[in-house]
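# A look at the structure
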Amino acid sequence: MNKARFYSIIYDSTFEGHERFNIGTYKEKKLHIMLKKYFEDDPQYHEIPTNGFIADIRRDGKITEIETSGFTGLGPKLSAYLPEYSVNLVYPAPAKKYVSWIDPETSEISDRRISPKKVGVYDAIFELIRILPYVGHENLTVTVMLLEIDEYKLLDGWSRDRKKGASRYERIPVDLYDIIELSTPADFEKYIPEVCTNEFTVKEFSKAAKIREERARAVIKVFEKLSLIEKKGKRGRSYVYSRI
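So, here is what we can say about the structure in this document. What you are looking at is a predicted structure, and each value in this text was computed from that prediction instead of being measured. (Residues numbered from 1 in each chain as written. Predicted model: local features only at pLDDT ≥ 70, side-chain atom pairs only at ≥ 80, totals over all residues. Heavy atoms only, no water.)

### Focus: the pairing of strand S3 (residues 62-66)
Applicable threshold: Partly exposed describes any residue whose relative accessible area lies between the buried limit of under 20% and the exposed limit of over 50%, with all areas from a 1.4 Å probe on protein chains only and scaled to the type maximum. The helix and strand labels rest on DSSP assignments: H or I over at least four residues marks a helix, E over at least two residues marks a strand, and numbering proceeds from the N terminus. When DSSP finds two or more bridges between a pair of strands, those strands are recorded as paired.
In terms of residue burial, S3 counts as a mostly covered element, since four of its five residues are buried. Two elements, strand S2 (residues 53-59) and S3, share three bridges in a ladder whose sense is antiparallel. Opposite Ile-57, over in S3, you have Thr-64 as the bridge partner. Counting the residues between successive antiparallel strands, the hairpin from S2 to S3 contains two residues, one of them, Asp-60, with a positive phi of roughly 55°. Relative to strand S4 (residues 86-102), S3 runs parallel, the two being bridged by five bridges. Across the sheet, residue Ile-66 finds its bridge partner in S4, namely Val-90.

### What to know about the nonpolar core
For the record, the criterion: What we call a nonpolar core is a set of buried Ala, Val, Leu, Ile, Met, Phe, Trp, Tyr and Cys residues that are connected through their side-chain atoms within 4.5 Å.
Ranked by internal contacts, the top residues of the largest apolar core, which has 49 residues, are Leu-78, Ile-125, Val-144, Leu-182, Phe-205 and Phe-223. For this core, the elements supplying multiple residues, two or more each, are helix H3 (75-81), S4, helix H4 (121-127), strand S6 (140-154), strand S7 (168-182), helix H6 (202-209) and helix H7 (213-225). In terms of residue count, the dominant contributor to this core is H7 (six residues). Counting residues in hydrophobic clusters, the runner-up holds 12 residues, among them Phe-6, Met-34, Leu-35 and Tyr-38.

### Some remarks on the pattern of salt bridges
Heads up, the rule is: A carboxyl oxygen of Asp or Glu within 4 Å of a side-chain nitrogen of Lys or Arg is what we treat as a salt bridge.
Tallied over the entire structure, the rule returns 15 salt bridges. The partner of Glu-151 in a salt bridge is Arg-168, and the shortest N-O contact between them spans 3.4 Å. Of this pair, Glu-151 sits in strand S6 while Arg-168 sits in strand S7, and the two are 17 residues apart along the sequence. Look at Arg-168 and you get partly exposed, because its relative accessible area is 45%. Across the salt bridge formed by Glu-189 and Arg-243, the nearest N and O atoms sit 3.6 Å from each other. Residue Glu-189 is found in helix H5 (residues 185-189), and its partner Arg-243 is found in strand S9 (residues 238-243); the two are separated by 54 residues along the sequence. Each member of the salt-bridge network shares a partner with another, and the members are Glu-40, Arg-59 and Asp-60.

### So, the environment of Lys-164
Mapped onto the elements of the fold, Lys-164 is located in the loop between S6 and S7. You can call Lys-164 exposed: its relative accessible area is 52%.

### A word on empty space enclosed by the protein
The line we're drawing: Put plainly, a pocket is an open set of points on a 1 Å grid over the protein atoms alone with protein on both sides within 12 Å along at least five of seven lines, a cavity is a set where a 1.4 Å probe fits but cannot get out, and a lining residue has an atom within 4 Å of a point. Grid points are joined across faces, edges and corners, and a volume is the space filled by probe spheres set on the points. Amino acids outside the nonpolar list (Ala, Val, Leu, Ile, Met, Phe, Trp, Tyr, Cys, Pro) and the charged list (Asp, Glu, Lys, Arg) are all regarded as polar, and Gly is one of them.
Within this structure, the stated rule accounts for two cavities of 30 Å³ or more. Roughly 60 Å³ of volume is contained in the largest cavity. Lining the largest cavity, in full, are Leu-128, Val-135, Gly-136, His-137, Leu-140, Thr-141, Val-142, Leu-182, Ser-183 and Phe-188. Of the residues contributing to the lining of the largest cavity, the split by class is six nonpolar, four polar and no charged.

### Considering a positive patch on the surface
Put simply, the rule reads: By definition, no residue in a patch forms a salt bridge, and every one has over 30% relative accessible area; like charges are joined within 9 Å, nonpolar side chains (Val, Leu, Ile, Met, Phe, Trp, Tyr) within 5 Å. Note that accessible areas follow from Shrake-Rupley with a 1.4 Å probe, and for residues the cover is restricted to the protein chains shown. Counting rule applied: Lys, Arg positive; Asp, Glu negative; His and chain ends not counted. Each charge is placed at NZ for Lys, CZ for Arg, CG for Asp and CD for Glu.
A surface patch of positive charge is lined by Arg-217, Lys-221, Lys-231, Lys-234 and Arg-237. At the level of secondary structure, the elements contributing two or more residues to the positive patch comprise H7 and strand S8 (229-235). Relative to the assigned elements, Arg-237 resides in the loop between S8 and S9. Judged by relative accessible area, Arg-237 falls into the exposed class, the value being 82%.

### Some words on H7
Operational definition: Every helix has an expected span of 1.5 Å times one less than the residues it contains. In what follows, a contact means two residues having at least one pair of non-hydrogen atoms within 4.5 Å.
Counted at 1.5 Å a residue, the expected span for H7 with its 13 residues is 18 Å, and the 18 Å between its end C-alpha atoms agrees. Along H7, the residues that are buried comprise Arg-215, Ala-216, Ala-218, Val-219, Ile-220, Val-222 and Phe-223. Elements that come into contact with the buried residues of H7 comprise H4, H5, H6, S8 and S9. Two residues or fewer past H7, Ser-227 is found with a positive phi of approximately 60°.

Everything listed here is a matter of geometry and, on its own, says nothing about what the molecule does.
Structure, rendered in structure tokens:
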């Protein structure tokens, strides 16, 4: 983790525009642009055609993909990249988020309010359910960036206050709390709650990890794929798991 570098990128981005002139950068948002600069400052290694796709960063046999919207649809890319390249999936997690609303008619921006929703490591592990066949591949790393983010949303939703169904306009990182790399099974094993030493259910894992049961169920499947957890049977109507 290099906070000085992160803050420098934030400072520079305040004073420079982003030229959206080619197919690789046209639809990029500020969060994506800034994190790409953090991992590779030299633009000659950005947006590199690779095996039928465009890699965010490719340098020295390593590909870095900045995944600001999760891992849905990444399967074909990983199939193309992993046999030949080391791949790092970067997952920005808003551990702290402030939301401001923009009125598209007047351009007025509301005061920023802190969001009660926090995103962390378990959210990144949950995303891996979308690329489960590739979990545990020796060339795959997931990098979780715990960030403070300013999010701007448009008041263009369908509800009376225009917030439900509203569009996200922009997300801007303002602080970096931590970077967590998940590569080997040992990296993931740290996130099996200590209380889950013996047999446990999805509900018990959910309570120990402080995540919703839906997420806990997916996280357990990822841990099963990594041979960290195995299904032992049933307790009533619930499946029982244990650490391997």
